[in-house]
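Listed below, chain by chain, are the residues.
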Amino acid sequence: MLKGKKILLCVTGGIASYKSPAICSLLRKNEAEVKVIMTENATKFVTPLTFQTMSNNVCHVEMFNQLFNMDVEHISLAKWADVIVIAPATANVIGKFANGIADDMLTTVLMASRSPVMIAPGMNTFMLNSDANKDNMETLKKRGVIILDTATDVLACNDYGSGKMLEPAEIVEEIDFLLTTKDLSGKNFVITAGPTMEPLDPVRYLTNHSSGKMGYALAKCAKKRGASVTLISGPTSLNPPKVDKFVSVKTTRDMFDAVGEFFDESDVLIKAAAPADYRPKKYSEEKIKKTAKNDLNILEMEKNPDIARHYGSLKKDQIIVGFAAESTNIYEYAKQKLEKKNFDMIVVNNIKREGAGFGTDTNIVSIIDKDKVDDLEIMSKTDLANEILDRVKKLMS
Ligand code: PMT
């Protein structure tokens, strides 16, 4: 979603500026256009050449050496940007911006700009929490400037506390969030993700290889596009994304209940999870021992509810998107599931193909609805999530 977006990255003189080239690099990897302004002090930490090379654009520092350019440089930069991101933002630049001081290239561009401004503070914890800085940040917030949180850690000065600039990937995520068109706003999405876990005894359980990546990508993208998102997740090692409600479940029956809680209010249900179809018939309160009697046939199973089929049968106006993980006859099995579970659309992946299915960052799928089958090329789970959401949007309209 950052493709073609114009980002003006402003770097000020704090130690966190050593991370700013990584922000530039990530933005470029996401196909954004980047221009950089540095304060004179920032050049003591990182060189303009670094940013020039990484952004593939001139890095601006001084106000008055732009004679080679016929434009009024600070005005044209201010007009060019879709967003201005100050990372790191020192207490000094925050103070100048809040109080209308424009005494160098960076602060002059800020003063001249009508673009949204995002600030990623990076400073000592006492400076961050000083009355002056808190007042300045409050003033900027009131003017609509987006001020990102800081992390709490041991800082460069060895003090422990808040004030550490967010990581480059987190900052890029925030920029992406800000610039993404909110074309799904007003819609309620319920998304399931990950595996479920069926306990056998206090030590053992049955599960599958789902990492949750596909479902989390869908939740993240839907949220970025303005939807209200409830993510119901089985156990995964991923950090929960920023959604409206995150519901952590363990077993298929837990997931069944959680979907039931939110289904009636939903506009869209996406079943990207891989719930276990069976569970051990008996849960042993004590660890099952390796006795001769237990050596064989200790696993008696019973069926779990089919969540998708149950709520598919109760569907009113909702759009329901199912997934299918198959290893043979993929179209045939997927079409059967589309009908049986009353899906509007099913996304089927052949889990035997390299780059598809469980655990990978990419997927190779076919999307099947009542009229057609579309075979898609390999793509990132994020791109696939957006492709699915585009199709859901069409179905809703
Ligand atoms: O999590 P990742 O590592 O990123 O991997 C992604 C994925 C491969 C898990 C995902 O893309 C996927 O294919 N999910 C569906 C896996 C699955 O359970 O497939 P299925 O063919 O068994 O089930 C068909 C549909 O019914 C699915 O939408 C499933 O969520 C749903 N189902 C299945 C069983 C059950 N008891 N209740 C259900 O609701």
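Thresholds applied
Residues numbered from 1 in each chain as written. Predicted model: local features only at pLDDT ≥ 70, side-chain atom pairs only at ≥ 80, totals over all residues. Heavy atoms only, no water. Near = heavy atom within 4 Å. Polar contact = N/O pair within 3.5 Å; in protein donor to acceptor, adjacent residues only side chain to side chain. Areas by Shrake-Rupley, 256 points an atom, 1.4 Å probe, with all protein chains shown as cover. 1 Å grid on protein atoms, 1.4 Å probe; cavity = no way out; pocket = protein on both sides within 12 Å on 5 of 7 lines; lining within 4 Å. Sits in = over half its atoms within 2 Å of the grid points. Helix = DSSP H or I, 4+ residues; strand = E, 2+ residues; numbered from the N terminus. Nonpolar A, V, L, I, M, F, W, Y, C, P; charged D, E, K, R; others polar. Pairing = 2+ DSSP bridges. Contact = heavy atoms within 4.5 Å. Axes fitted to C-alpha atoms, helices over the stretch in contact; angles between N-to-C directions. Domains from an automatic or database assignment. Buried area = accessible area lost by both parts, 1.4 Å probe. Salt bridge = Lys/Arg side-chain N within 4 Å of Asp/Glu carboxyl O. Buried < 20%, exposed > 50% of the residue type's maximum accessible area, 1.4 Å probe, protein only. Patch = residues over 30% accessible without salt bridge, like charges linked within 9 Å, V, L, I, M, F, W, Y side chains within 5 Å.

J.: Outline the site of the ligand, supporting the account with residue identities and numerical values.
T.: Around the ligand, a shell composed of 27 residues is seen, among which S210, S211, K337, G359 and K381 lie nearest. In this structure, an oxygen atom belonging to the ligand sits 2.6 Å away from a side-chain N or O atom of S211. Taking F323, its main chain carries an N or O atom lying 3.0 Å from an oxygen atom of the ligand. Bound to the protein, the ligand loses 96% of the 770 Å² it would expose on its own. Given that more than half its atoms are within 2 Å of the pocket grid, the ligand belongs to the second largest pocket. Per-element accounting of the shell around the ligand gives the leading share, five residues, to strand 17 (residues 319-326). Of the residues contributing to the shell around the ligand, the split by class is 12 nonpolar, seven polar and eight charged.

J.: Would you mind going over the sheet that holds strand 3 (residues 59-60) in detail, with residue names and values included?
T.: The sheet built from six strands is open, its strands ordered 3-2-1-4-5-6 with parallel pairing. For this open sheet the edge positions go to strand 3 and strand 6 (146-147), each flanked by a neighbour on one side alone. As judged from the two bridges shared by strand 5 (residues 117-121) and strand 6, these two strands associate in the parallel manner. Residue I119 lies in a different strand from strand 6, and its bridge partner there is I147. Its contacts with the sheet put helix 8 (residues 168-179) on strand 1 (6-11), strand 4 (83-89), strand 5 and strand 6, and the angle it makes with strand 4 is roughly 160°.

J.: Now, about the domain arrangement of the protein: what can you tell me, with residues and values included?
T.: Domain parsing of the protein yields domain 1 (6-179) and domain 2 (188-278 + 301-396). The interface is formed by four residues belonging to domain 1 together with four residues belonging to domain 2. Taking both partners together, domain 1 and domain 2 bury about 380 Å²; carbon and sulfur atoms supply 45% of that area. Taken as a group, E173, E174 and F177 account for 86% of the area that domain 1 buries against domain 2, more than any other trio of residues on that side. Across the contact surface, domain 1 and domain 2 share three salt bridges.

J.: An account of the pairing of strand 12 (residues 228-233) is requested, with residue identities and associated values reported.
T.: Counted residue by residue, strand 12 has five buried out of six residues, so it is predominantly covered. Pairing of strand 9 (residues 188-193) with strand 12 involves six bridges; the strand directions are parallel. When the bridges of strand 12 are listed, N188 appears paired with S228.

J.: An account of a nonpolar patch on the surface is requested, with residue identities and associated values reported.
T.: Together, I15, Y18 and F45 make up a nonpolar patch on the protein surface, roughly 340 Å² of accessible area in all. Structurally, F45 can be placed in the loop between strand 2 (33-38) and helix 2 (48-55).

J.: Give a description of the side chain of T150 that names residues and reports values.
T.: In this fold, T150 is placed in the loop between strand 6 and strand 7 (151-154). Taking relative accessible area as the criterion, T150 reaches 19% and is therefore assigned buried. A polar contact is formed between the side chain of T150 and the backbone nitrogen of G163, at a distance of 3.0 Å. Here T150 is in contact with P121, L128, S162, G163, K164 and L166, once residues within four sequence places are set aside.

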